[in-house]
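Structural description and commentary
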Amino acid sequence: MSDACGCGHDEPAIGEEAEEREPERLWQVRELQFAAISGVFLLAALLAGWADASRPVELVLNVVALLVGAYTFVPSTLKRLVKGKIGVGTLMTIAAVGAVILGEVGEAAMLAFLFSISEGLEEYSLARTRRGLRALLSLVPEQATVLRDGTEIVVPPAELRVGDRMLVKPGERIATDGIIRDGRTALDVSAITGESVPVEAGPGSEVFAGSINGTGVLDVEVTTTAEDNSLARIVRIVEAEQARKGASQRLADRIAKPLVPGVMIAAALIAVIGSLLGDPVTWIERALVVLVAASPCALALFGVLGLAAVVLVHELAEVVVIANGVRAGRTKPLHTTSSSSQPALTPTTVGASS
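In this report, the structure presented in the accompanying data block is examined. (Residues numbered from 1 in each chain as written. Predicted model: local features only at pLDDT ≥ 70, side-chain atom pairs only at ≥ 80, totals over all residues. Heavy atoms only, no water.)

1. Some points on the overall build of the protein
A count of helices and strands for the protein gives twelve helices and eight strands. Residue burial in the protein is summarised as follows: out of 354 residues, 43% are buried. In the protein, the share of contacts with a sequence separation of at least 24, taken over all contacts with a separation of at least 6, comes to 70%. As displayed, the protein has an accessible area near 18200 Å², and 61% of this comes from carbon and sulfur atoms. (Helix = DSSP H or I, 4+ residues; strand = E, 2+ residues; numbered from the N terminus. Buried < 20%, exposed > 50% of the residue type's maximum accessible area, 1.4 Å probe, protein only. Contact = heavy atoms within 4.5 Å. Areas by Shrake-Rupley, 256 points an atom, 1.4 Å probe, with all protein chains shown as cover.)

2. A look at the packing of helix H2 (residues 30-50) against helix H3 (residues 55-70)
How two helices pack is summed up by the angle between their axes together with the distance between the axes. The interhelical angle for the contact between H2 and H3, taken along N-to-C directions, is 165 degrees, at an axis separation of 8 Å. Considered as vectors, H2 and H3 are oriented roughly antiparallel to each other. Considering the relative orientation of H2 and H3, their crossing is left-handed. Contact with H2, carried on its side by Phe-34, Ile-37, Ser-38, Phe-41, Leu-42, Ala-44, Ala-45, Ala-48 and Gly-49, involves Glu-58, Leu-61, Asn-62, Val-64, Ala-65, Val-68 and Gly-69 of H3 and no other residues of that element. (Axes fitted to C-alpha atoms, helices over the stretch in contact; angles between N-to-C directions. Parallel < 35°, antiparallel > 145°, perpendicular 65-115°, else oblique. Left-handed = near helix turned anticlockwise from the far one by under 90°.)

3. Here we look at the pairing of strand E4 (residues 178-182)
Note: E4 against strand E7 (residues 206-207), two bridges, orientation antiparallel. Across the sheet, the residue bridging to Gly-178 is Val-207, located in E7. Direction of pairing for E4 relative to strand E8 (residues 218-222): antiparallel, over a ladder of four bridges. Considered in E8, the bridge of Gly-178 is made with Val-222. (Pairing = 2+ DSSP bridges.)

4. Describing the pattern of salt bridges
Enumeration over the complete set of coordinates arrives at six salt bridges. One salt bridge in this structure joins Arg-148 and Asp-164, with 2.7 Å as the shortest N-O distance. Here the residue Arg-148 occupies a position in strand E1 (residues 144-148), and Asp-164 occupies one in the loop between strand E2 (151-155) and strand E3 (165-168), the gap between them amounting to 16 residues. Exposure class is identical for Arg-148 and Asp-164. Each is buried. Between Asp-228 and Arg-233 there is a salt bridge, and its shortest N-O distance comes to 3.2 Å. For Asp-228, a relative accessible area of 30% translates into the label partly exposed. The class of Arg-233 is buried, set by a relative accessible area of 15%. One continuous salt-bridge network, built from bridges that share partners, spans Asp-228, Arg-233 and Arg-236. (Salt bridge = Lys/Arg side-chain N within 4 Å of Asp/Glu carboxyl O.)

5. As for the side chain of Thr-185
Looking at where Thr-185 falls in the secondary structure, it is placed in strand E5 (residues 185-187). Within the structure, the side chain of Thr-185 is placed 3.0 Å from the backbone nitrogen of Gly-214, a separation counted as a polar contact. Excluding residues that lie within four positions of it along the chain, Thr-185 makes contacts with Val-199, Glu-200, Ala-201, Asn-213, Gly-214, Thr-215, Gly-216 and Leu-218. (Polar contact = N/O pair within 3.5 Å; in protein donor to acceptor, adjacent residues only side chain to side chain.)

6. Regarding the nonpolar core
One broad trend across soluble globular proteins is that nonpolar side chains are buried collectively. Core analysis: the biggest nonpolar cluster contains 26 residues, and Leu-66, Phe-73, Met-92 and Leu-291 have the highest contact counts within it. Listed by contribution, the elements that provide at least two residues to this core are H3, helix H5 (88-101), helix H6 (105-137), helix H9 (247-277) and helix H10 (280-294). With seven residues, the top contributor of residues to this core is H6. Other than its neighbours up to four places away in sequence, Leu-66 contacts Ala-96, Val-100, Val-105, Ala-108, Ala-109 and Ala-112. Formed by 17 residues, the second largest nonpolar core is a distinct cluster that contains Ala-144, Val-146, Ala-175 and Ile-180. (Core = buried A, V, L, I, M, F, W, Y, C linked by side-chain atoms within 4.5 Å.)

7. Some points on the sheet that holds E4
Note on sheets: strands pair through backbone hydrogen bonds, and any given pair is parallel or antiparallel. A sheet is described by the order of its strands in space; here six strands give the open sequence E2-E1-E3-E8-E4-E7, paired in antiparallel fashion. The open sheet has two edge strands, E2 and E7, and neither has a second partner.

8. Some remarks on the packing of helix H4 (residues 74-82) against H5
Two numbers describe how H4 lies on H5: the axes approach to 9 Å, and their chain directions differ by 115 degrees. Pair H4 / H5 crosses with left-handed handedness. Between H4 and H5, the contacting residues are Val-74, Thr-77 and Leu-81 on the first element and Gly-89, Thr-90 and Thr-93 on the second. Taken together, the residues that form the contact of H4 with H5 break down as two nonpolar, four polar and no charged. (Nonpolar A, V, L, I, M, F, W, Y, C, P; charged D, E, K, R; others polar.)

9. Overview of unusual backbone geometry
One non-glycine residue, Asp-52, adopts positive backbone phi at about 55 degrees. Structurally, Asp-52 can be placed in the loop between H2 and H3. Among the residues examined, Asp-52 registers a relative accessible area of 69% and is labelled exposed.

10. Observations concerning the packing of aromatic side chains
For the coordinates displayed, the defined rule picks out two aromatic pairs. Judged by centre distance (5.1 Å) and plane angle (35 degrees), the ring pair of Phe-34 and Tyr-71 falls under tilted. Within this pair, whereas Phe-34 is found in helix H2, its partner Tyr-71 is found in the loop between H3 and H4, the two being separated by 37 residues in sequence. Residue Phe-34 is classed as partly exposed on the basis of its relative accessible area of 23%. Overall, Tyr-71 belongs to the partly exposed group, its relative accessible area being 45%. Note on Phe-73 and Phe-115: the rings are 5.1 Å apart at their centroids and 80 degrees apart in plane angle, and the pair reads as edge-to-face. Separated by 42 residues along the polypeptide, Phe-73 in the loop between H3 and H4 and Phe-115 in helix H6 bring together distant segments of the chain. (Phe/Tyr/Trp six-rings, centres within 6.5 Å; stacked < 30°, edge-to-face > 60°.)

Here is the structure:
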């Protein structure tokens, strides 16, 4: 979640390890799995209460539901507390502990259950964005044919050097950006720019990684390495934008940062002042009630639901917009056809946004 929440992962997984652990379905998200288990025990506790089961049975079911739900945010919250960071996760933890002290274990379990759902939904939305970025990179073929010293050799795209001459046969994808030196074809760039009509290309035309060659054999001079081609730039731009906080997240942070210490201070004042003026046990209980009542569980759940949807739609839309080369103040297309004036992606356009 946002920095103010104090319950997110400090060191997200990267590389192949992250790809292996990336959830593709809702039920594959770890937080939602724990939320589902917590919900089952919580429901069992409610049914046990309605069926007039013994108090210990209901209590055990609620405790298990609490422990399972809290496992999704309490450990990371404690790690951040060690680093001096507090947030909504801290308040949720204190609220759950306070509810337990008040004897309301079921209420604490409900808090943990709802908050674990919000954590899982956010993780799922971000995972979908990351999968979309990896899908872009998968457009690059696993190998490319190049001419070196008059000999055709097959190399991985990562070994391509600027100035190499690639031979692209009909039906093959282009491994990296370049300029056609010989040959004519109709390039299918729909996967990159969304252009539904193949683009005619000939000597002097720029071509981009991931494009599919049509009917002709092309001799393409490499102009960028695989690490700096148009697809790689798109991924870097979107990742950079994803790392930046949007207006909604900044607003949530501004609210959460004073809210968390404010609630904690208010609860402490109620406990201290009330204990001086009345029964300490009663006022400590009332202070804990304030913590429980101020716990932004519903706000966190529905706020993250909306934020997750907005982040997902924004990021996916940005991929499409960047891939189509549509930029404010720079909409001149590189390639056009008689039936479409849709702008195409250019390295210059992509580079201008970085």
